[in-house]
Amino acid sequence: MKNTPTTTPDTPDRGDSAGPRRTGSVPPRRPGNTARPSAPVPAPDPAPVTASDPASASASVTSSAAASEADSTAKSSAIMAAGTLVSRILGFVRTALLTVAIGSTAMAADIFESANTIPNIIYMLLAGGVFNVVLVPQLIKAAKKPDKGSDYTSRLITLAVLVMAAATLVITLAAAPIMVALTSNWSPAMLTLGTAFALWTFPQIFFYGVYAVLGQVLNANGRFGAYMWAPVANNVVAIGVIGLYLAMFGSYQAGGDQLAEWTTGQTVLLAGGHTLGIVVQALVLFIPLSRLGLGLKPKFGWKGMGLRSTGKLAGYTLVTMMAGNVVNLLVARLVSGATEARASLGEASTSGGPFEGLDPAVVEASIPGLMALNIAQLITVLPHSVFVLSLATVLFNQLARSLHRDDVPGALATISRGLRNFAVPMMFSTVVVLVLAGPLGRVFAGSSETAAASAVAIGQLLILLALGMPFRSAHIYLMRLFYAAENARIPMLVQVGTAACTLVIAYVASIFMPSWTMAYLMVSVFTLLHVGQFVAAHMLVRRHYGDYGSGEVLDAYLRTGVAAVVSGLAGALVLWLIGGYSGGFPWSTIITALVSCAVVGLVMMVVYFVMLRAMRLPELTEFLGPLARKIPGLAR
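Quick caveat: nothing in here was measured; it's all calculated off a predicted structure.

J.: What exactly am I supposed to notice about the overall build of the protein chain here?
T.: Looking only at helices and strands, the protein chain has 25 helices and zero strands in total. Within the protein chain, buried positions represent 56% of all 636 residues. Sequence separation of at least 24 residues holds for 83% of the intrachain contacts in the protein chain that already meet a minimum separation of 6. Surface summary for the protein chain: the accessible area is close to 25,800 Å², and the carbon and sulfur share equals 67%.

J.: Can you help me understand the nonpolar core in this one?
T.: For soluble globular proteins, nonpolar side chains are generally found buried alongside one another. Judged by nonpolar contacts, the single largest core of 161 residues is most densely connected at I102, F197, L419 and L481. The leading source of residues in this core is helix α15 (residues 408-435), at 15 residues. Each residue touching L419, except ones within four places of it in the same chain, is listed here: A474, Y477, L478, Y548, V553 and Y557.

J.: Got a minute to help me understand helix α17 (residues 451-466) in this structure?
T.: In an α-helix there are 3.6 residues to a turn, and that puts residues three or four apart on one side. An ideal rise of 1.5 Å per residue puts 22 Å on 16 residues; α17 measures up with 22 Å between its terminal C-alpha atoms. What α17 keeps buried is the set A451, A453, S454, A455, A457, I458, G459, L461, L462, L465 and A466.

J.: Would you take a moment to explain the environment of V93 for this structure?
T.: One can find V93 in helix α1 (residues 56-102). When the C-alpha positions of V93 and I239 are compared, they lie 7.5 Å apart, and in sequence the two are 146 residues distant.

J.: Please explain helix α6 (residues 204-220) as it appears in this structure.
T.: Helix length check: α6 (17 residues) gives 24 Å between terminal C-alpha atoms against 24 Å at 1.5 Å per residue, within 8%. Within α6, 16 of the 17 residues are buried, which leaves the element mostly enclosed by the surrounding structure. Just beyond α6, the residue with positive phi is G222, at close to 80 degrees.

J.: It is not clear to me how the pattern of salt bridges should be interpreted in this structure. Could you clarify?
T.: A pair can form between side chains of opposite charge whenever their charged atoms are brought close. Taken as a whole and assessed by the stated rule, the structure comprises three salt bridges. A salt bridge links D110 to R342; the nearest nitrogen and oxygen atoms lie 2.8 Å apart. Of the two residues, D110 sits in helix α2 (residues 107-143) while R342 sits in helix α12 (residues 337-348), which places them 232 residues apart along the sequence. The exposure classification of D110 matches that of R342, with both residues buried. Put simply, R542 and D547 hold a salt bridge, and the shortest N to O gap is 3.7 Å.

J.: Would you explain the packing of α6 against helix α7 (residues 225-249) in this entry?
T.: The description of two helices packed together rests on the angle between their axes and the distance between the axes. Between α6 and α7, the least distance of the axes is 8 Å, while the angle of their chain directions is 145 degrees. Between α6 and α7, the contacting residues are Y211, A212, G215, Q216, L218 and N219 on the first element and A226, Y227, A230 and P231 on the second. When its residues are assigned to classes, the contact of α6 with α7 shows seven nonpolar, three polar and no charged.

J.: How do you make sense of unusual backbone geometry when you look at a structure like this?
T.: Outside of glycine, negative phi angles account for most residues, and trans bonds account for most peptide bonds. For D406, which is not a glycine, the phi torsion comes out positive at approximately 60 degrees. If you trace the backbone, D406 turns up in the loop between α14 (370-404) and α15. The exposed category is assigned to D406, whose relative accessible area is 57%. At R616, a position not held by glycine, the phi torsion is positive, near 55 degrees. The topology assignment puts R616 in the loop between α22 (590-615) and α23 (618-624).

J.: Help me understand a nonpolar patch on the surface, please; the structure alone is not making it clear to me.
T.: There is a patch of nonpolar side chains on the surface, built from L85, I89, V93, V386 and F387 and spanning about 380 Å² of accessible area. Of all elements in the fold, only α1 and α14 reach the threshold of two or more residues within the nonpolar patch. Top element by residues in the nonpolar patch is α1. It accounts for three residues. Accessibility expressed as a relative area gives 37% for V93, which makes it partly exposed.

J.: Teacher, can you tell me more about the packing of aromatic side chains here?
T.: Two aromatic rings are characterised by how far apart their centres lie and by the angle between their planes. Taken as a whole and assessed by the stated rule, the structure comprises 11 aromatic pairs. Ring centres of F112 and F197 lie 5.4 Å apart, and the angle between their planes is 75 degrees; on these two criteria the pair is classed as edge-to-face. On the criterion of sequence distance, the pair formed by F112 in helix α2 and F197 in helix α5 (residues 188-201) is long-range, its members being 85 residues apart. Exposure class is identical for F112 and F197. Each is buried. Between Y245 and F249, the aromatic rings sit 5.1 Å apart at their centres with planes inclined by 50 degrees, giving tilted as the arrangement. Separated by four residues within a single helix, Y245 and F249 lie in helix α7, roughly one turn from each other. Y245 sits in the buried class, given a relative accessible area of 2%. According to the relative accessible area criterion, F249 is partly exposed, its value standing at 32%.

J.: Just to check I follow, could you spell out the environment of N325 for this structure?
T.: Considering the arrangement of structural elements, one finds N325 in helix α11 (residues 311-335). N325 sits in the buried class, given a relative accessible area of 9%. Taking C-alpha positions, N325 is 7.8 Å from I122, a pair spaced 203 residues apart along the chain. Excluding residues that lie within four positions of it along the chain, N325 makes contacts with I121, M124 and L125.

J.: How should I be thinking about the layout of surface pockets in this particular structure?
T.: Gaps left between atoms show up when a probe the size of a water molecule is rolled over them. Of the pockets and cavities examined, the second largest pocket occupies roughly 1,100 Å³. Lining the second largest pocket are 35 residues; nearest its centre among them are L382, F387, F428, S429 and V432. When contributions to the lining of the second largest pocket are tallied by element, the ones reaching two or more residues are α1, α14, α15, α16 (437-443), α22 and α23. In terms of residue count, α22 provides more of the lining of the second largest pocket than any other element does, nine residues in total. Residue classes in the lining of the second largest pocket are distributed as 32 nonpolar, two polar and one charged.

J.: How do you make sense of empty space enclosed by the protein when you look at a structure like this?
T.: In total, this model carries four cavities of 30 Å³ or more according to the counting rule given. Approximately 60 Å³ is the volume attributed to the second largest cavity. Classifying every residue of the lining of the second largest cavity by side-chain character gives five nonpolar, nine polar and no charged.

J.: Quick question: what am I supposed to make of the environment of L294 here?
T.: Here L294 shows up in the loop between α10 (286-290) and α11. A sequence separation of 144 residues divides L294 from S150, and the C-alpha atoms of the two residues are 5.1 Å apart.

J.: Sorry, what's going on with the side chain of S184 here?
T.: Note on placement: S184 falls in the loop between α4 (175-181) and α5. A polar atom in the side chain of S184 sits 3.4 Å from the side chain of N185. Once residues within four sequence positions are removed from consideration, S184 is found in contact with R333, S336 and G337.

Parameters at a glance
- Residues numbered from 1 in each chain as written.
- Predicted model: local features only at pLDDT ≥ 70, side-chain atom pairs only at ≥ 80, totals over all residues.
- Heavy atoms only, no water.
- Helix = DSSP H or I, 4+ residues; strand = E, 2+ residues; numbered from the N terminus.
- Buried < 20%, exposed > 50% of the residue type's maximum accessible area, 1.4 Å probe, protein only.
- Contact = heavy atoms within 4.5 Å.
- Areas by Shrake-Rupley, 256 points an atom, 1.4 Å probe, with all protein chains shown as cover.
- Core = buried A, V, L, I, M, F, W, Y, C linked by side-chain atoms within 4.5 Å.
- Expected span 1.5 Å × (residues − 1).
- Salt bridge = Lys/Arg side-chain N within 4 Å of Asp/Glu carboxyl O.
- Axes fitted to C-alpha atoms, helices over the stretch in contact; angles between N-to-C directions.
- Nonpolar A, V, L, I, M, F, W, Y, C, P; charged D, E, K, R; others polar.
- Patch = residues over 30% accessible without salt bridge, like charges linked within 9 Å, V, L, I, M, F, W, Y side chains within 5 Å.
- Phe/Tyr/Trp six-rings, centres within 6.5 Å; stacked < 30°, edge-to-face > 60°.
- 1 Å grid on protein atoms, 1.4 Å probe; cavity = no way out; pocket = protein on both sides within 12 Å on 5 of 7 lines; lining within 4 Å.
- Points joined across faces, edges and corners; volume = space filled by probe spheres on them.
- Polar contact = N/O pair within 3.5 Å; in protein donor to acceptor, adjacent residues only side chain to side chain.

Spelled out as C-alpha cells, the structure:
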C-alpha cells in the first residue's frame, strides 16, 4: 500500500519546531539539534557576481566552491535517480511476470500480496522512522570524529541487528494470529496458505532493517549510490525466481481451485525467493561499507549515543509515519475482504445476483483485490516519483535557505515556481492514465483466459486514482514549506487527521457496501482525501505565510489541463482506431498492450508539446531545464 494519503516528507526535515506560527514568521534554528537530509540535496545555482560588487573577488571564490559542491551533489543525485529509475523499471517487469505466474485478481495472488506486503509496513511502523529521522543526524555527527565514526557506527549496527532480530523472531512466531488480525473474512484454507507465505516473508523485516541502517551509514559517509542501487539487485533476484517458478509450475490459468492445487514447493519458491531478494538487497551494501575503512565490528554498550535527543520535530515526524503505516495495515485488511467475496460471487453467478449468466471465472477475475490495488497505486505514483520528487528535492533546499534568512516572499515564490512546473508533467500524466487505463491494466493482468477481465478491474482502479494525482503532488510539495521552516507539527496534524478520516470513511462505508467493492471504495477515498489534503495545505500555507501566487498556479494548471485534454482526445482516437475500445489489438497480449501504450503515449506527447508551445507556456521551458538549454529550439 504505497499511495495512502500522507504528508511524510521525502527529504528528512531539519531541526526543531515550536509549533504553528503567524504569517511570515520563521522558526529559529537550534544549534546542535539540526538534522541533515539522508540524501544529497542539490544547491541552487550561485548568484552571479558583478564587477561593481566590492566583494567580488571573495564572492568569486565562494561561487566557485558552491559550483563545485553543486556539481558534486548533482552527480550524486543523478546516480541515485538512475538507480531509482532502473529499480522501478525492473519492479514493473517483476510485477508483470508475477501476474503471469499467479494472476492479478486471483485468490493466491491476493494471499501472497498480503503476506509479502505486511513485512514492509511492519518494518516502517516499528523502525523505519527511527532509522531515517533519529539515526541520520547522529551518524553524520559521528562521521566527523577522528575515528570517522567507527566506534559509534559499530555500536549502532550491533544495536540495530539485535533489536530487529528480536522483533522479527517474535513477529514471525506470531504469523498465524497476525494474518487473522490483518485480513477480513478469510476462510481457514486461505489463512493456512497466508500463514505459510508469512512464515517465509516475515523474516524480510530483519533484512529491511539491516538495509536501512547500512544505507544510512553509507549516506552519512557520502556514499549515496549504493543505497539506491541495491533494490535493483532485489528485483533481479525476484525476476529470476519468478522465471524459475514459471519454468517449474507454469503460468496461472483461470478456473480450478488454486487453494486445493497449491503445493509446498510453490510456497517455498515464491515466498522464499522474494525474501531472498530482500536478503541480497541488504547484503550487497556490505561491499561499499567495507570500502569505507571504518574497521567495523560488533560492539556493545549504547549509553550516551544520543538516541533520545531527537527533538520535537523528529517526534512529530515519527508520529506522522506511524499514522500513515497504521492506515496502510488497516486498509489492507479491509480490501482483503474482496478475496473471499470473489469466490462466492463466482459461485453465485450461476444462480442469480448482479453477475448472473456470466462465466464464474470471468466474474472472479473482474473483482479487484489487494494485488490489483497495489498495481494501480504502483502505476499512478510513478509520475510523482520521477518528475515531482527530483525537482522538489532541489527546490526544498531553496525553500530552507529562504526561510532561514527570513525571506518569506522568496520562499513563496519558490513554492509558486514548483507548483507551476509540476503542472507540466502531472496534468499530462493524469490524462495519459485516464486514456490508457485499459491497456495499462492489460500489461499487469497476466496471460490467462480471463486476463481481459482482470485488466478492466485494474483499469477502473487506475481511473479513480488518476483523478487525485495532481492534488497529491501539489499537497506534498506545499507541506514541504513547513518542513523547510522546521515545523513538522502542522504536517503531523494534517496526516493524523487524514488517517482518521480515511479509517472512519472507509470502515463506515464498508458497512453499507458489499465486500467485493472494497478496492473501489479505498481508491475513491484516497482520491477524495488527496483533494482534501491539497485544500487544507493551501489554506494553511496562506494562513501562515501568505499567498503564494495561487492565481498564477491555477492558470498554469488550467492551461496545461486544456493541452492535456486535447492530447487525450488525440490519444483516444488512435486507441479507438487500433481496437482499444472494442477488445482488439491492445487487449490481446501483454506485448500488444505495451505497444499500444507506447504508440498512443507518443501521439499524446507530441500533441501536448505542440499545444504548450502554441500557448507559449513559460513553465514548459523551465521544466525542460537543461534539455532546453542544449536544444535551442525547445526554448523558443
